[in-house]
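Structural features, examined
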Amino acid sequence: MFAAKSLPQNHLADPFEAILRPPPGETSAQRDTRILAEQLAKRVSDAIDEQLRAERAELKKSRSDVRILLLGQSESGKSTTLKQFQLLHTPAAFQAERMAWRFVIYLNLIRSVRRILDTISPEREEEVHELLDSASLGSDGQSPDSSAQTDPENHRIAAEKYAEYNIALAPALELEGTLIRSLREDDDEDEATHLGDGSTPGWSAPRGEYTVRTTSNWKRAFTLRRNRSKQRLSSSSWWEDPSDPVHILDSSRDAMVRLWQDEWVRHRLVEKRVRLQESSGFYLDEIERITSKTYTPTDEDVLKARLKTLGVVEHQFTISMGSMRGASNWVIYDVGGARSQRHAWAPYFQDVNAIIFLAPISAFDQVLTEDQRVNRLEDSLLLWRGLVSNKLLEGVPIVLFLNKCDLLREKLEAGVQLKNYLVTYGDRPNNYESVAKYLRNKFGTLHNQYRTNPGRELFVHYTSVTDKAKTAQIIANVREAILRLNLKTLKLM
Ligand SMILES: Nc1nc2c(ncn2[C@@H]2O[C@H](COP(=O)(O)OP(=O)(O)O)[C@@H](O)[C@H]2O)c(=O)[nH]1
Ligand SMILES: [Mg+2]
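Residues numbered from 1 in each chain as written. Chains lettered and ligands numbered in written order. Predicted model: local features only at pLDDT ≥ 70, side-chain atom pairs only at ≥ 80, totals over all residues. Heavy atoms only, no water.

Here the focus is the overall build of the protein chain. Each helix and strand in the protein chain was counted, giving 18 helices and eight strands. When each of the 493 residues of the protein chain is scored for burial, the buried share is 45%. Sequence separation of 24 or more characterises 75% of the internal contacts of the protein chain that already satisfy a separation of 6 or more. A total of about 26,400 Å² of accessible surface is found on the protein chain, and carbon and sulfur atoms cover 53% of it. (Helix = DSSP H or I, 4+ residues; strand = E, 2+ residues; numbered from the N terminus. Buried < 20%, exposed > 50% of the residue type's maximum accessible area, 1.4 Å probe, protein only. Contact = heavy atoms within 4.5 Å. Areas by Shrake-Rupley, 256 points an atom, 1.4 Å probe, with all protein chains shown as cover.)

As structure tokens, this is what we get:
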């Protein structure tokens, strides 16, 4: 098969030529029949060729495909990790979706504003209880000064502030509803976009998380929205479209800045222990930039944007094999991490080549959104134990991302004590290095204790997957490791 190409073909008569030459003395009817028969034969032969090609492609694909599953509790960083892979390997696709993320970022910003308003709201019944509680406990130095809180003058200030900000921010809060409706536009299933607060009629006052089913075409909906306006105005700039949300953000900017900078508000947030800086999709420190009329999301903005995943997202790309010729096709599956979503994981266990498990180790003092009785770190550890002891995954290499290390560092530096949440930590130093190492050991020990295959490899990385440069490096390492393991397995076959 190698020789054929190098032969001087023009010297050889086509061996089939004599056969294919029309027989001498053929009548026109005979000729038509012959041509028809030849065409039919060619069609059959082409069909077989095509089938062979498809089979070969399939074979090649099934040989070289690397299937990776991203696992971890909700908000552990799975979708962000997927975005990082996308940014590195299909930058054009990332670029194409950038503008659609602008709307999610607006939503995230407005949600933070709403959470502040909820926190400073004087009407909440639970506030009364909290005031009573803190008045009787008042122990950890962060508790409110009870005399100041029960003071009617303070209540008057609270009511006034709340009313003032609510009026100033009404258009932004209303925009939240409109944007959510756009997000839902392409969703035909009712429960697809879950607004968190079941009691809220429609979308008018959502308090929870924005969720899209993965089959939903929200990105297309948002991109089309822009294209529609482009056509109408024959302008390339969305800020020339009077219906673009940027105008409401632009006119709400000052009120948002005022709210976020307000000393009294800050004080209330501390009292209520609401740490928005740590929450998903935090853009309050960048209001000016995000609300500007010419705002285009940066890579980092897109990485930070939070949209809860329902169902399974699949992302495909091709990675060149470096020194080995050819390329391998990768598929990464991003799944929903909430407890109600985890049943969907198992079918993917069958033929997965590697698992990236994300454990947000900064979350030691937080609880699950879906079950407020469960500590997030504990949930991660239990999930981890279940995974490493799973028989189906015996031969599957696991990459552990101890994620949100940036937040862990900040949290410890702010004085939050790990031992208050994890008693076994005892009197070890409450600094980043010590805590990170301790938690790494905890996950490592569980792996060694519970894995059913003693030879299974474990790769551990400390990550902050919202950090572009650091994560690019880690992904390169993970890619190499997985390719290496995958080749090893292929050679054994
Ligand atoms: N600061 C920080 N934020 C992170 C990190 N990883 C994820 N996030 C944020 O946490 C939120 C939840 O992440 P996401 O990838 O949606 O989690 P998923 O539910 O596991 O898909 C998003 O707003 C992310 O930007 C991290 O390492 N550091
Ligand atoms: Mg997700």
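Additional details are given in the paragraphs that follow.
With that settled, consider helix α12 (residues 263-271). Where α12 is concerned, the buried positions are Trp264, Val265, Arg268, Leu269 and Glu271. Looking down the long axis of α12, one finds its buried residues gathered within 160° of arc, a one-sided arrangement. Taking the backbone nitrogen of Trp264 as reference, a side-chain oxygen 2.8 Å away marks Asp262 as the first, capping residue of α12. Arg273 occupies a position one or two residues after α12 and carries a positive phi of about 55°. (Arc of directions from axis to C-beta. Polar contact = N/O pair within 3.5 Å; in protein donor to acceptor, adjacent residues only side chain to side chain.)

The next point concerns the site of ligand 1. In the vicinity of ligand 1 there are 20 residues, among which Glu75, Lys78, Thr80, Arg306 and Asp406 approach most closely. Contact distances for ligand 1 include 3.0 Å between an oxygen atom and a side-chain N or O atom of Asn403. Relative to its unbound accessible area of 580 Å², ligand 1 is 93% covered by the protein chains. Taken together, the elements giving at least two residues each to the shell around ligand 1 come down to α4 (78-89), α14 (299-304) and α16 (405-413). In terms of residue count, α4 provides more of the shell around ligand 1 than any other element does, three residues in total. (Near = heavy atom within 4 Å.)

The next thing to look at is the nonpolar core. Counting 47 residues, the largest nonpolar core has Leu117, Leu259 and Leu284 as its most contacted members. Of all the secondary-structure elements, those providing two or more residues to this core are α5 (91-120), α8 (152-168), α9 (170-184), α11 (246-261), α12, α13 (287-290) and α14. Among the elements that take part in this core, α5 stands out by supplying 14 residues, more than any other. Leaving out residues up to four positions away in the same chain, Leu117 has contacts with Tyr162, Tyr165, Asn166, Leu169, Leu173 and Leu259. (Core = buried A, V, L, I, M, F, W, Y, C linked by side-chain atoms within 4.5 Å.)

Spanning 16 residues, α11 covers 22 Å between terminal C-alpha atoms, matching the ideal 22 Å at 1.5 Å per step. Of all the positions in α11, only Val246, Leu249, Ser252, Arg253, Ala255, Met256, Leu259 and Trp260 are classed as buried. Those residues of α11 hidden inside the fold are in contact with α5, α8, α9, α12 and α13. (Expected span 1.5 Å × (residues − 1).)

All told, the structure shown has ten aromatic pairs when counted by the stated rule. Seen in terms of ring centroids, Phe85 and Phe317 are 5.9 Å apart; in terms of plane orientation they differ by 25°. Their pairing is stacked. Taken together, the residues Phe85 in helix α4 and Phe317 in strand β4 (residues 312-320) connect sequence positions 232 residues apart. Using a relative accessible area of 1% as the deciding quantity, one classes Phe85 as buried. Given a relative accessible area of 4%, Phe317 falls into the buried group. Between Tyr425 and Tyr438, the aromatic rings sit 4.9 Å apart at their centres with planes inclined by 80°, giving edge-to-face as the arrangement. Note that Tyr425 is positioned in the loop between α16 and α17 (432-450) and Tyr438 in helix α17, a separation of 13 residues in sequence. (Phe/Tyr/Trp six-rings, centres within 6.5 Å; stacked < 30°, edge-to-face > 60°.)

Locating Ser362 in the fold gives a position in the loop between β6 (354-360) and α15 (376-388). Relative accessible area serves as the criterion here: at 2%, Ser362 is assigned to the buried category. Look past the residues within four positions of Ser362 in its chain and what remains in contact with it is Asn403, Lys404, Leu407, Leu408 and Lys411.

Once that is clear, we can look at the packing of α9 against α11. It is at 8 Å that the axes of α9 and α11 come closest, and there the two elements cross at 130°. It follows that α9 is oblique to α11 by the angle criterion. Once α9 is placed against α11, the crossing between them reads as left-handed. Contacts from Pro171, Ala172 and Leu175 in α9 reach Ile248, Leu249, Ser252 and Met256 in α11. (Axes fitted to C-alpha atoms, helices over the stretch in contact; angles between N-to-C directions. Parallel < 35°, antiparallel > 145°, perpendicular 65-115°, else oblique. Left-handed = near helix turned anticlockwise from the far one by under 90°.)

What follows deals with the pairing of strand β7 (residues 398-403). Taking burial as the measure, the six residues of β7 include six buried ones, the bulk of the element. Pairing between β6 and β7: six bridges, direction parallel. Bridging from a neighbouring strand, Ile355 pairs with Ile398 of β7. Pairing of β7 with strand β8 (residues 458-462), which is carried by five bridges, proceeds in the parallel orientation. Counterpart to Phe401 in the pairing with β8 is His461. (Pairing = 2+ DSSP bridges.)

Summed over the entire model, instances satisfying the criterion amount to 26 salt bridges. Residue Lys468 is joined to Asp299 by a salt bridge in which the shortest nitrogen-to-oxygen separation is 2.8 Å. Of this pair, Lys468 sits in helix α18 (residues 468-492) while Asp299 sits in helix α14; the two residues are 169 residues apart in sequence, bridging distant segments of the chain. Note on Asp299: relative accessible area 13%, which makes it buried. Salt-bridge contacts for Lys391 lead to Glu394; the nearest nitrogen and oxygen are separated by 3.2 Å. (Salt bridge = Lys/Arg side-chain N within 4 Å of Asp/Glu carboxyl O.)

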